[in-house]
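Take a look at the letters that make up each chain.
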Amino acid sequence: MMNSKKQKAVILLSGGLDSATVLAMATAQGYACYVLSFDYGQRSIVELQAAIKLAKIAAAVEHKILHMPLEDFGGSALTDTSIAMPSAEKVSTSEIPVTYVPARNTVFLSLALGWAEVIEANCIFIGVNSVDYSGYPDCRPDFIDAFEKMANLATRAGVEGNKLTIETPLMHLTKGQIITKGLALGVDYKATVSCYQADSQGNACDNCASCKLRKEGFIQAGIDDQTNYFK
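In this report, we go over the structure that sits alongside the text. (Residues numbered from 1 in each chain as written. Predicted model: local features only at pLDDT ≥ 70, side-chain atom pairs only at ≥ 80, totals over all residues. Heavy atoms only, no water.)

**Details of the pairing of strand β1 (residues 8-12)**
Counted only if it meets this: For every residue, the accessible area obtained with a 1.4 Å probe (protein chains only) is divided by the maximum for its type, and the residue is called buried under 20%, exposed over 50%, and partly exposed between those limits. Helix and strand assignments follow DSSP, with helices taken as H or I runs no shorter than four residues and strands as E runs no shorter than two, numbered in order from the N terminus. Each pair of strands is called paired provided DSSP finds at least two bridges between the two strands. By definition, the crossover connecting two strands over a helix is right-handed if that path, from the first strand to the second, turns clockwise as seen with the strands pointing away from the viewer.
Burial runs high along β1: four of the five residues are buried. Pairing of β1 with strand β2 (residues 32-39), which is carried by five bridges, proceeds in the parallel orientation. Residue Ile11 lies in a different strand from β2, and its bridge partner there is Val35. Handedness of the β-α-β unit built from β1, helix α2 (residues 17-28) and β2 comes out right-handed.

Here it is, written out as structure tokens:
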């Protein structure tokens, strides 16, 4: 009964460090959290197991996992095994890396928007970041602002004056700051999976760009990294 009195929010949850922190933030703010995850053909499918665990820990009102076969398009090292996964050292800071999944956040936010309309939620939380990130164009503030504007033009809720917002509480935080905030909220980062190519047990490669950012984040936060690595 309590959840019906709370403001509703759709939370995009991959099972990684950032999205787990966002879920904890939304929960702490008193939202009734409707969690949305995607099986989109990613290499690290074990991250969905982490998402299931995290949603249960957070006592989410509902957790949906949608199948979106983005591997049918390919074009990314995360969804196409014929594209080699680059090591962190080989990822250029001046180019969009091969781990970028074309239109992924646009697709995910669009589906989150649909669910938000159905359940009458007025916000969507997503863990995009413009500081410690991999150069993905769909993680920038300009993209989020444009999507939010579109969302309020394209939906019945928006037309009727029920403005929807896209909440990005991590946008301007370093990875260390994200971890510090998450720990203060009780996030168990051992339950998260960030690695682009984690094994079936959730062990990380300690070689990809995501592993590098995660490891540097724990150093920044002055916290021991308890991630399990298979190399």
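**Quick word on the environment of Leu13**
Spelled out, the test is: Throughout, a residue-residue contact means that at least one pair of heavy atoms, one from each residue, lies within 4.5 Å.
As for its placement among the helices and strands, Leu13 is situated in the loop between β1 and α2. On a C-alpha basis, the gap between Leu13 and Asn207 in space is 23 Å, while along the polypeptide they are 194 residues apart. Ignoring anything within four residues of it in the chain, the contact list for Leu13 reads Ser19, Ala20, Leu23, Val35, Leu36, Ser37, Ala51, Leu54 and Ala55.

**Remarks on the pattern of salt bridges**
This is how it is decided: The rule for a salt bridge is simple: a side-chain nitrogen of Lys or Arg has to be within 4 Å of a carboxyl oxygen of Asp or Glu.
One pass over the full model with this rule turns up four salt bridges. One salt bridge in this structure joins Glu62 and Lys64, with 3.2 Å as the shortest N-O distance. Across the pair Asp206 and Lys215 runs a salt bridge whose closest N-O atoms are separated by 2.7 Å. Residue class for Asp206 comes out partly exposed when judged on its relative accessible area of 34%. By relative accessible area, Lys215 is classed as partly exposed at 29%.

**A few points about the side chain of Ser44**
Among the structural elements, Ser44 can be located in the loop between β2 and α3 (46-57). When sequence neighbours within four positions are dropped, the list of residues in contact with Ser44 reads Val193, Cys195, Tyr196, Gln197 and Ala198.

**Some remarks on the side chain of Thr99**
One can find Thr99 in the loop between β3 (62-67) and α4 (104-119). The class for Thr99 is buried, based on a relative accessible area of 3%.

**Digging into the environment of Arg43**
As a reminder, the rule being used: The definition of a polar contact used here is a pair of N or O atoms within 3.5 Å, where within protein one atom must be able to donate a hydrogen and the other to accept one, and adjacent residues in sequence count solely through side-chain atom pairs.
Looking at where Arg43 falls in the secondary structure, it is placed in the loop between β2 and α3. Through-space distance from the C-alpha of Arg43 to that of Gly186 is 28 Å; in sequence the pair is 143 residues apart. A polar atom in the side chain of Arg43 sits 2.6 Å from the backbone oxygen of Ala77.

**What about the packing of α4 against helix α5 (residues 141-154)?**
Note the cut-off: With axes taken as lines fitted to C-alpha atoms, and helix axes fitted only over the stretch in contact, angles between N-to-C directions fall between 0 and 180 degrees. With the far helix as reference, a near helix turned anticlockwise by less than a right angle produces a left-handed crossing, and one turned clockwise produces a right-handed crossing. For this classification, Asp, Glu, Lys and Arg are treated as charged, while Ala, Val, Leu, Ile, Met, Phe, Trp, Tyr, Cys and Pro are nonpolar and the rest, including Gly, are polar.
In contact at an axis separation of 11 Å, α4 and α5 are set at 35 degrees when each is read in the N-to-C sense. The interaxial crossing formed by α4 with α5 has right-handed handedness. Residues Asn105, Thr106, Leu109, Ser110 and Leu113 of α4 form the contact with α5, whose own contacting residues are Phe143, Ile144, Phe147 and Ala151. A breakdown of the residues in the contact of α4 with α5 according to their chemical character gives six nonpolar, three polar and no charged.

**Considering the pairing of β3**
Two strands pair when backbone bridges link them, and β2 and β3 are joined in this way by six bridges, in the parallel orientation. In the sheet register, Asp39 faces β3, and the bridge partner there is His67. At this point the chain moves from β2, through α3, to the parallel β3, and the crossover so formed is right-handed.

**Quick notes on the packing of aromatic side chains**
Stated precisely, the cut-off is as follows: For Phe, Tyr and Trp, where Trp contributes only its six-membered ring, two rings pair if their centres lie within 6.5 Å, and the inter-plane angle classes them as stacked under 30 degrees, edge-to-face over 60, or tilted in between. Charge-over-ring placement is defined geometrically: NZ (Lys) or CZ (Arg) within 6 Å of the ring centre, and within 35 degrees of the ring normal.
With the rule as written, the count across this model stands at seven aromatic pairs. Ring centres of Tyr31 and Phe125 lie 5.3 Å apart, and the angle between their planes is 70 degrees; this geometry places the pair in the edge-to-face category. Placement of the pair is Tyr31 in the loop between α2 and β2 and Phe125 in strand β4 (residues 123-125), with a sequence separation of 94 residues. Centre to centre, the rings of Tyr189 and Phe218 are 6.1 Å apart; their planes meet at 85 degrees, and the pair counts as edge-to-face. One end of the pair, Tyr189, is in the loop between α7 (175-184) and α8 (209-221); the other, Phe218, is in helix α8, with 29 residues separating them in the sequence. Through a chain of ring-to-ring contacts, the aromatic side chains of Phe38, Tyr40 and Phe108 assemble into a single cluster. Sitting above the plane of the Tyr229 ring, Lys215 keeps its charged end 4.8 Å from the centroid.

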